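Observations on the three-dimensional arrangement
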Amino acid sequence: MSESYDLIVLGAGMAGVASANKSASQGWRVAIVDPLPYGGTCALRGCDPKKILRRGAEIIDSARLMEGKGIDAGGLSINWGDLMKHKHGFTDPVPENMEAGLSRHGVETLHGPARFTSERQIDVDGTRYDADRFLIATGARPRPLDFPGHEHLIDSTGFLDFDDLPPRILFVGGGFISFEFAHIAARAGASPVIVDRGERPLKGFDPDLVELLVARGAEVGVDLRRFTEVVAVEPNGRGYIVTLDRAGVRESIETDLVVHGAGRVADLAGLALDAAGVEWGERGVSVSDHLQSTTNAAVWAAGDSADTAGMPLTPVAVIEAKVAASNMIKGTTAAPNYSGIPAAVFTIPELARVGMLETEALEQGIDLSVRHNDTSGWYSNYRVGETTAAAKVLIDRSTDRVVGAHLLGPEYGELINIFRPSHQARAHHPSTQVDHRCVPDRGVRSRIHGLSASFRPGAPK
């Protein structure tokens, strides 16, 4: 005999928990299952613990920026072990608290690896569970690498659990993970190297601002190697010898640690989705606009587990999970609205964007006005000693609408929300006309016009 449910959620991260609680609140019998401690990547192995470690780096950087301006930063350093204990003070209670919250909402919590055995049945450690519906929200895992010695790399989870930070670290890939961790490591006294196979790191962000960030990183010891690939990683007793190839020229460098930052793929391989007739790939489950599997009507997906246009961000995953749950409950076909969702790289300083890139706007034939200004001389940055800050606002001349905003500077990860449109993060019915440009509401728009008009060096801020 097997247990039967209205909904079983696979994955107890933010997306899975949101959908499970929402569905249980409607009187459904709901279960959620995960082989790992409840909480998911963001709370346990990603965003939140990363920002706790980053706080130490912020303190160091802030003091150094004020050297010669009244602050003596000599002797200031990060005790990595104590910082890691501080991180554990946040992460350790999460699984128990998360599970207790689910239980209070009437969700049954299961533990272990889940595998589909048929279109409407899964197996968890030898026990069968049936459900009318399944939501897959199992997140992502590091992209498989194939060079010799790839097994010696650690991923972001491993980096966030190091009790002692080694002095030499090589990051593979030029994305979020590599840049954020390298900026933390540099302020903690390590010598980080980022190896990127292409010309442009952080491809999802404005290239002009990325170059400013790269230069700022170089000042604190972040060494970016472009057009460079890892050929092999070999242990040498003290650490690793990494063989690199740059345009056919090979070199070897020694490092103490090699970190995988070369992208992630949907974590679906262990679910036996073929047994349920679910079409999927490395981008996730193939779903319709309303997040239902295109090949099994009993299965839905959200977040990194779903092949959608949404960015791989926790808020996007939660939005999708809530929309999927609502569609299941109401029998509707609403789709998430992905327009105008901000994103940020939490380096020091922060790099943020919302809306279109300049190239995307031009490709769409928009009559573009680009307000690009160095904001490092503004009072807000002078006050803290920051010498690298800039803003680029993209405006459609024909409509006077902001279609993109790109910011680099201290606390600009918060400032970017000024440009967030009022309709962001809402679901829309497929018949609704949606403007996928970044269109703020009238009140925010007036503030942006004021900002845009004053985007010039020396403007009082």
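Since this is a predicted model, take the numbers as computed values, not measurements.

Along the chain, the regular secondary structure elements total 13 helices and 26 strands. The C-alpha radius of gyration of the chain comes to 23 Å, within 12% of the 23 Å expected for a compact globule of 461 residues. Expressed as lengths along the three principal axes of its C-alpha atoms, the size of the chain is roughly 75 × 65 × 45 Å. For the chain, the proportion of its 461 residues judged to be buried stands at 53%. Across the chain, every contact between residues at least 6 apart in sequence was considered, and the portion connecting residues at least 24 apart equals 63%. Accessible surface, the chain: about 20,500 Å² in total, of which carbon and sulfur atoms supply 50%. Averaging the locations of the 47 positively and 59 negatively charged side chains of the chain gives two centres separated by 6 Å.

The buried fraction of strand 2 (residues 30-34) is high, at five of five residues. By the bridge criterion, four bridges tie strand 1 (residues 3-10) to strand 2 in an arrangement that is parallel. Considered in strand 2, the bridge of Leu7 is made with Val30. Assessed by its sense of winding, the connection that carries the chain from strand 1 through helix 1 (residues 14-24) to strand 2 is right-handed. Pairing of strand 2 with strand 3 (residues 107-111), which is carried by five bridges, proceeds in the parallel orientation. When the sheet's bridge partners are listed, Val30 is paired in strand 3 with Val107.

This brings us to the pattern of salt bridges. Scanning the model with the defined rule gives 27 salt bridges in all. Between Asp161 and Lys87 there is a salt bridge, and its shortest N-O distance comes to 2.8 Å. Here the residue Asp161 occupies a position in the loop between helix 6 (156-159) and strand 8 (168-172), and Lys87 occupies one in helix 4 (residues 80-91), the gap between them amounting to 74 residues. Residue class for Asp161 comes out partly exposed when judged on its relative accessible area of 41%. With its nearest N and O atoms 2.9 Å apart, the salt bridge here joins Glu386 to Arg216. Residue Glu386 is found in the loop between helix 11 (379-382) and strand 24 (390-396), and its partner Arg216 is found in helix 8 (residues 207-219); the two are separated by 170 residues along the sequence.

Note: strands within a sheet are paired through backbone hydrogen bonds, in either parallel or antiparallel orientation. Reading across from one edge, 16-17-19 is the order of the three strands in this open sheet, with mixed pairing throughout. Looking at strand neighbours, the two that pair on one side only are strand 16 (280-281) and strand 19 (306-307), the edges of this open sheet. Examined bridge by bridge, strand 17 (residues 284-286) and strand 19 share two bridges and lie parallel to one another. Within the sheet, the bridge partner assigned to Ser286 lies in strand 19 and is Asp307.

This part takes up the confidence of the model for the chain. Looking at the chain as a whole, the pLDDT averages 91, with 91% of positions reaching at least 70. When the criterion is pLDDT under 50, residues 424-461 qualifies, and its contacts beyond four places in sequence or with other chains add up to 83 contacts.

Before going further, it helps to spend a moment on the environment of Leu407. Within the secondary structure layout, Leu407 lies in strand 25 (residues 401-409). Along the primary structure Leu407 and Ala389 are separated by 18 residues, whereas in three dimensions their C-alpha atoms are 7.7 Å apart. Sequence-distant contacts of Leu407, that is, excluding residues within four places in its chain, are made with Leu209, Glu350, Leu351, Ala352, Ala390, Ala391, Tyr412, Leu415, Ile416 and Phe419.

The next subject is the layout of surface pockets. In this structure, the second largest pocket encloses a volume near 430 Å³. Along its surface, the second largest pocket is lined by 22 residues, and Ser62, Val384, Glu386, Pro410 and Glu411 are the ones closest to its centre. Listed by contribution, the elements that provide at least two residues to the lining of the second largest pocket are helix 3 (47-65), helix 11 and helix 12 (412-415). Take the lining of the second largest pocket: its biggest share by element is six residues, from helix 3. Split by residue class, the lining of the second largest pocket holds 10 nonpolar, three polar and nine charged.

Moving on: unusual backbone geometry. Residues Ile348 and Pro349 are joined by a peptide bond in cis, for which omega reads 0°. Within the element layout of this structure, Pro349 appears in the loop between strand 21 (343-345) and strand 22 (350-355). Despite not being glycine, Asp125 has its phi angle at roughly 50°, a positive value. Along the polypeptide, Asp125 turns up in the loop between strand 5 (121-124) and strand 6 (127-136). Residue classification places Asp125 among the exposed residues on the basis of a relative accessible area of 58%. With a phi close to 55°, Ala272 is a non-glycine residue in the positive phi region. Position of Ala272 among the secondary structure elements: in the loop between strand 15 (264-266) and strand 16.

For helix 7 (residues 176-187), which comprises 12 residues, the first-to-last C-alpha distance of 17 Å matches the rise-based estimate of 16 Å (1.5 Å per residue) to within 8%. For helix 7, the tally of buried residues reaches 10 of 12 residues, placing the bulk of the element in the interior. Within helix 7, burial applies to Ser178, Phe179, Glu180, Phe181, Ala182, His183, Ile184, Ala185, Ala186 and Arg187.

Per the counting criterion, the structure on display carries six aromatic pairs. Between Trp80 and Phe159, the ring centres sit 6.2 Å apart and the planes meet at 70°, which makes this aromatic pair edge-to-face. Taken together, the residues Trp80 in helix 4 and Phe159 in helix 6 connect sequence positions 79 residues apart. Taken as a pair, Trp80 and Phe159 share a single burial class, namely buried.

We now examine the nonpolar core. Membership of the largest hydrophobic core comes to 93 residues, with the highest contact counts inside it found for Ile8, Ile122 and Phe159. No other element matches helix 9 (residues 314-330), which puts seven residues into this core. Apart from residues lying up to four places away in sequence, Ile8 is in contact with Ala31, Val33, Ile122, Tyr129, Asp130, Ala131, Arg133, Phe134 and Leu135. One finds Phe346, Ile395, Val402 and Ala405 within the second-largest nonpolar core, a separate group that totals 14 residues.

Cut-offs applied
- Starting from 1, residues in each chain are numbered consecutively following that chain's sequence as written.
- Owing to the predicted nature of the model, reporting of local features is limited to residues with pLDDT of at least 70; listing and counting of side-chain atom pairs is limited to 80 or more, with chain, interface and lining totals taken over all residues.
- Side-chain calculation: all heavy atoms of the structure are included, whereas hydrogens and water are not.
- For the purposes of this entry, the term helix denotes a DSSP run of H or I that reaches at least four residues, the term strand denotes a run of E that reaches at least two, and both are numbered from the N terminus.
- Two things to know: the radius of gyration comes from C-alpha atoms, and the globule rule equals 2.2 Å times the number of residues to the power 0.38.
- Relative accessibility thresholds used throughout: buried, under 20% of the residue-type maximum; exposed, over 50%; partly exposed, between the two (1.4 Å probe, protein chains only).
- Whether two residues are in contact is decided by their heavy atoms: any pair within 4.5 Å suffices.
- The accessible surface values rely on the Shrake-Rupley method and a 1.4 Å probe; as for residues, cover is taken only from the protein chains in view.
- Neither His nor the chain ends contribute to the count of charged residues, in which Lys and Arg are positive and Asp and Glu negative.
- Where a charge sits is defined by one atom per residue type, namely NZ (Lys), CZ (Arg), CG (Asp) or CD (Glu).
- The pairing criterion is simple: DSSP has to find at least two bridges between the two strands.
- The handedness of a crossover follows from its direction of travel: if, with the strands pointing away from the viewer, the path from the first strand over the helix to the second runs clockwise, the crossover is right-handed.
- Salt bridges are identified by distance alone: a Lys or Arg side-chain nitrogen within 4 Å of an Asp or Glu carboxyl oxygen.
- Across the chain, each position has a pLDDT score giving the predictor's confidence in that residue, from 0 to 100.
- Here a cavity denotes grid points, spaced 1 Å and computed from the protein atoms alone, that fit a 1.4 Å probe unable to get out, and a pocket denotes an open set having protein on both sides within 12 Å along at least 5 of 7 lines; residues with an atom within 4 Å of a point are the lining.
- Grid points are joined across faces, edges and corners, and a volume is the space filled by probe spheres set on the points.
- Lys, Arg, Asp and Glu make up the charged group, whereas Ala, Val, Leu, Ile, Met, Phe, Trp, Tyr, Cys and Pro make up the nonpolar group; the residues left over, Gly among them, are polar.
- A helix's residues, less one, multiplied by 1.5 Å, set its expected span.
- The pairing test for Phe, Tyr and Trp rings, Trp by its six-membered ring, is centres within 6.5 Å, and the orientation test on the planes gives stacked under 30 degrees, edge-to-face over 60, and tilted for anything in between.
- Remark: nonpolar core denotes a set of buried residues (Ala, Val, Leu, Ile, Met, Phe, Trp, Tyr, Cys) joined through side-chain atoms within 4.5 Å.

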